[in-house]
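Chain by chain, the residues:
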Amino acid sequence: MHQNDGRQPGNAPGNGDGDPDERYRRSNALLVDEVLGFLFAAALRAAAEVGVADHLAKGPGTPADLAAATGTDARNLYRLLRLLATRGLVAEDESGRFALTEAGQALRSDVPYSARAAILMLSDRTFWLPAGELTRCLTEGGSAFDEIFGMPFFDHFARDARTAAVFHDGMAAMSDAENAILAAGYDFPSTGTVVDIGGGHGGLLLEVLRRNPALSGVLYDRPHVLAGHRLGTAPEVEGRWSLTEGDFFEAVPPGDVHLLKRITHDWDDDQCATVLGHCRRALHPGGRVLILDAVVPRGNAPHQSKALDLLMMVSLTGRERTEEDFAELLAKSGLRLSRIIPTPTVLSVVEAVPA
Ligand SMILES: C[S@@+](CC[C@H](N)C(=O)[O-])C[C@H]1O[C@@H](n2cnc3c(N)ncnc32)[C@H](O)[C@@H]1O
C-alpha cells in the first residue's frame with residue numbers, strides 16, 4: 001500500500017489504495033473529459049440552429065439525407081450526431097441511420113415544451129463570450145458583459161426585434177415547461193389582482209388566470225417585450241388581463257399579489273431592494289410578494305441553480321440565492337420572508353409580506 005504523498009485528488013476515480021500515478025492519470029482523464037464538455041453544448045446549439053431534429057421527426061435518416069434537408073455538410077453533420085448520440089439524444093442504427101430518441105424530442109421546434117429557443121438563448125454569444133472571460137470575473141469582480149458588448153445585458157436585448165427575440169423567445173421556452181406547475185403549486189387568493197413584474201410574454205400569468213377564474217392580472221414589462229405577449233391567445237382569460245409598460249426600478253403597478261419570476265436572480269441586492277421596495281409600497285393591504293426563483297440548496301449535490309448562478313455572474317449583476325440570502329434581502333426591502341414552498345420544478349415560491 002502506498003502512502004498518501006499529499007497530492008491525492010479529492011474525488012478522483014480509483015481514489016484510495018493503489019498506485020498514486022494511476023490515480024493522477026485517472027484524475028487527468030476525468031478533468032480532460034470535463035473540460036471538453038463545452039463542445040457538447042456547442043453541438044447542441046448547432047443542431048438546434050440547423051433544425052436537424054425537425055427532419056428526424058419524420059423518421060430516421062442517414063447523415064446524407066439529413067445534410068441535404070438541412071443544407072449542411074454530411075460528414076460534419078455525422079460527427080455532430082455521433083457526439084449527441086453519446087448522451088442519448090439521437091441513436092445510430094446498424095445501417096448508419098440516425099433516429100431521434102425520446103430524450104431528444106424537445107430539440108424539435110414543433111412540439112409542446114420545445115427547448116429549441118431556450119438552447120439558442122442559453123448558448124447565445126451573450127452568455128458564451130462572457131463565460132469565456134470567467135477568470136476576469138474572479139480577479140476583478142463584477143461581470144464581463146458590459147466590456148464585451150458595450151452596454152448592460154437588458155439594453156443589448158432591447159436594440160432590435162431580432163436580438164430581443166433571441167432572449168425573450170428563449171426565456172418563454174424555458175418558462176413554458178414550468179409555468180403550469182408553478183401556478184398549481186401555490187394557493188392564490190380567490191379574488192384580486194396579480195401583477196407579473198418582468199413577466200415577459202405572459203406565460204405564467206396566463207396559467208395563474210386559467211386556474212383562478214375570479215382573479216385579474218397585469219403583465220408588466222418593457223414595451224418591446226410586451227409587444228410579443230400571448231395573453232390574447234386564451235379565450236378563457238378574456239377581459240381579465242391588461243398590459244402595463246414600465247421600468248421596475250421606477251415603479252410597479254398596484255396589486256394583491258406581485259409575482260417576480262426569474263427576476264431577483266438577474267440583479268444585485270441593492271437593485272433587488274429597489275424593486276422589492278416598490279412592490280411593498282404598491283401592495284394592497286393583505287397583499288404578498290411571490291419570488292419564483294431557485295433557492296440554492298446547501299451541500300455538494302448538483303442543482304441547476306449552481307450553473308445558472310455563473311451565467312448571472314458573467315453576464316448580469318445578479319446571483320442565485322440561498323434561503324438565508326432571500327431572508328436578508330427581503331428584510332433589507334421592508335418585507336418579511338413568510339415561507340418557502342418547493343415545487344417539482346427547479347424553482348421555489350419564496351413568499352414575502354410587508355414587515
Ligand atoms: C429573466 S427574464 C424573466 C421573464 C419571465 N418572468 C419568465 O420567468 O419567463 C427578465 C424579465 O425582466 C424584464 N425586465 C428587465 N429589466 C426591466 C425593467 N427595468 N423594468 C421592467 N422589466 C424589466 C425583461 O424584459 C424580462 O422579461
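Residues numbered from 1 in each chain as written. Predicted model: local features only at pLDDT ≥ 70, side-chain atom pairs only at ≥ 80, totals over all residues. Heavy atoms only, no water.

1. Some points on the overall build of the chain
Phase 1: Helix and strand counts for the chain come out as 16 helices and 9 strands.
Phase 2: Judged by the C-alpha coordinates and their principal axes, the chain covers about 65 × 55 × 40 Å.
Phase 3: Residue burial in the chain is summarised as follows: out of 355 residues, 46% are buried.
Phase 4: Here the chain has roughly 17,700 Å² of accessible surface; of this, 52% comes from carbon and sulfur atoms. (Helix = DSSP H or I, 4+ residues; strand = E, 2+ residues; numbered from the N terminus. Buried < 20%, exposed > 50% of the residue type's maximum accessible area, 1.4 Å probe, protein only. Areas by Shrake-Rupley, 256 points an atom, 1.4 Å probe, with all protein chains shown as cover.)

2. Considerations on the domain arrangement of the chain
Phase 1: Under the domain assignment, the chain is made up of domain 1 (38–111) and domain 2 (182–354).
Phase 2: Between domain 1 and domain 2, the C-alpha centre-to-centre distance is 36 Å. (Domains from an automatic or database assignment.)

3. Quick notes on the sheet that holds strand E3 (residues 192–197)
Phase 1: Taking strand neighbours across the sheet as the criterion, the 7 strands line up as E5-E4-E3-E6-E7-E9-E8 in an open arrangement whose pairing is mixed. Bordering the open sheet on either side are strand E5 (241–245) and strand E8 (335–342), each of which pairs with just one other strand. In this sheet, neighbouring strand axes are inclined to one another by 20 degrees on average, regardless of whether the strands run parallel or antiparallel.
Phase 2: Where E3 lies against strand E4 (residues 215–221), 6 bridges are found, and the strand directions are parallel. By the bridge assignment for E4, Asp196 is matched with Leu219.
Phase 3: Where helix H16 (residues 323–332) meets the sheet, it contacts strand E7 (283–293), E8 and strand E9 (348–354), and its direction lies at approximately 150 degrees from that of E8. (Pairing = 2+ DSSP bridges. Axes fitted to C-alpha atoms, helices over the stretch in contact; angles between N-to-C directions. Contact = heavy atoms within 4.5 Å.)

4. Things to note about helix H12 (residues 203–211)
Phase 1: With 7 of 9 residues buried, H12 lies mostly within the body of the structure.
Phase 2: Burial in H12 covers these residues: Gly203, Leu204, Leu205, Leu206, Glu207, Val208 and Leu209.
Phase 3: Looking at the buried residues of H12, the elements they touch are helix H11 (161–184), E3, E4, E5, strand E6 (255–261) and E7.

5. Considerations on the pattern of salt bridges
Phase 1: Going through the model one piece at a time under the given rule, you end up with 18 salt bridges.
Phase 2: Linking Glu147 and Arg136 is a salt bridge whose minimum nitrogen-to-oxygen distance equals 3.3 Å. Highlighted residues: Glu147 in helix H9 (residues 145–149) and Arg136 in helix H8 (residues 134–140), separated in sequence by 11 residues.
Phase 3: Using a relative accessible area of 62% as the deciding quantity, one classes Glu147 as exposed.
Phase 4: A salt bridge links Arg319 to Asp269; the nearest nitrogen and oxygen atoms lie 3.2 Å apart. A residue pair is termed long-range when its members are at least 10 positions apart, and Arg319 in the loop between helix H15 (304–315) and H16 and Asp269 in helix H14 (residues 269–282) qualify at 50 residues.
Phase 5: On the basis of relative accessible area, Arg319 is assigned to the partly exposed category, the value being 30%. (Salt bridge = Lys/Arg side-chain N within 4 Å of Asp/Glu carboxyl O.)

6. Brief notes about the pairing of E8
Phase 1: For E8 and E9, the ladder comprises 7 bridges, and the chain directions are antiparallel. When the bridges of E9 are listed, Ile340 appears paired with Val350.

7. Examining the site of the ligand
Phase 1: Residues in contact with the ligand amount to 20 residues; listed here are only the nearest, Ser175, Gly198, Asp221, Asp247 and Lys261.
Phase 2: Between the ligand and Asp221 there is a distance of 2.7 Å, counted from an oxygen atom to a side-chain nitrogen or oxygen.
Phase 3: Coverage of the ligand by the protein amounts to 94% of the 590 Å² it exposes when considered alone.
Phase 4: Sorting elements by how many residues they give to the shell around the ligand places H11 first, with 4 residues.
Phase 5: In the shell around the ligand, the residues fall into 8 nonpolar, 6 polar and 6 charged. (Near = heavy atom within 4 Å. Polar contact = N/O pair within 3.5 Å; in protein donor to acceptor, adjacent residues only side chain to side chain. Nonpolar A, V, L, I, M, F, W, Y, C, P; charged D, E, K, R; others polar.)

8. Structural notes on the state of the cysteines
Phase 1: As enumerated under the stated definition, the model contains 0 disulfides in all.
Phase 2: Left without a disulfide partner, Cys272 is nearest to the cysteine sulfur of Cys279, which lies 10 Å away.
Phase 3: The class of Cys279 is buried, set by a relative accessible area of 0%. (Disulfide = S-S within 2.5 Å.)

9. Concerning the packing of aromatic side chains
Phase 1: Considering all chains together, one arrives at 14 aromatic pairs under this definition.
Phase 2: Ring pairs connect the aromatic residues Phe127, Phe145, Phe149, Phe153, Phe154, Phe157, Phe167, Phe248, Phe249 and Trp267, which therefore count as one cluster.
Phase 3: The positively charged end of Arg87 is found above the aromatic ring belonging to Phe40, 4.1 Å away from the centroid. (Phe/Tyr/Trp six-rings, centres within 6.5 Å; stacked < 30°, edge-to-face > 60°. Lys NZ or Arg CZ within 6 Å of the ring centre and 35° of its normal.)

10. A word on the side chain of Asp269
Phase 1: Overall, Asp269 belongs to the buried group, its relative accessible area being 15%.
Phase 2: Reaching out from Asp269, the side chain makes a polar contact with the side chain of Arg319 at a distance of 3.2 Å.
Phase 3: Setting aside anything within four residues of it in sequence, one finds Asp269 in contact with Arg319, Arg321, Leu329 and Lys332.

11. Concerning helix H4 (residues 63–70)
Phase 1: Buried within H4 are the following residues: Pro63, Leu66, Ala67 and Thr70. Projected down its long axis, H4 carries its buried residues within an arc of 100 degrees, all on one side.
Phase 2: Of the residues one or two after H4, Gly71 is the one with positive phi, at around 70 degrees. (Arc of directions from axis to C-beta.)

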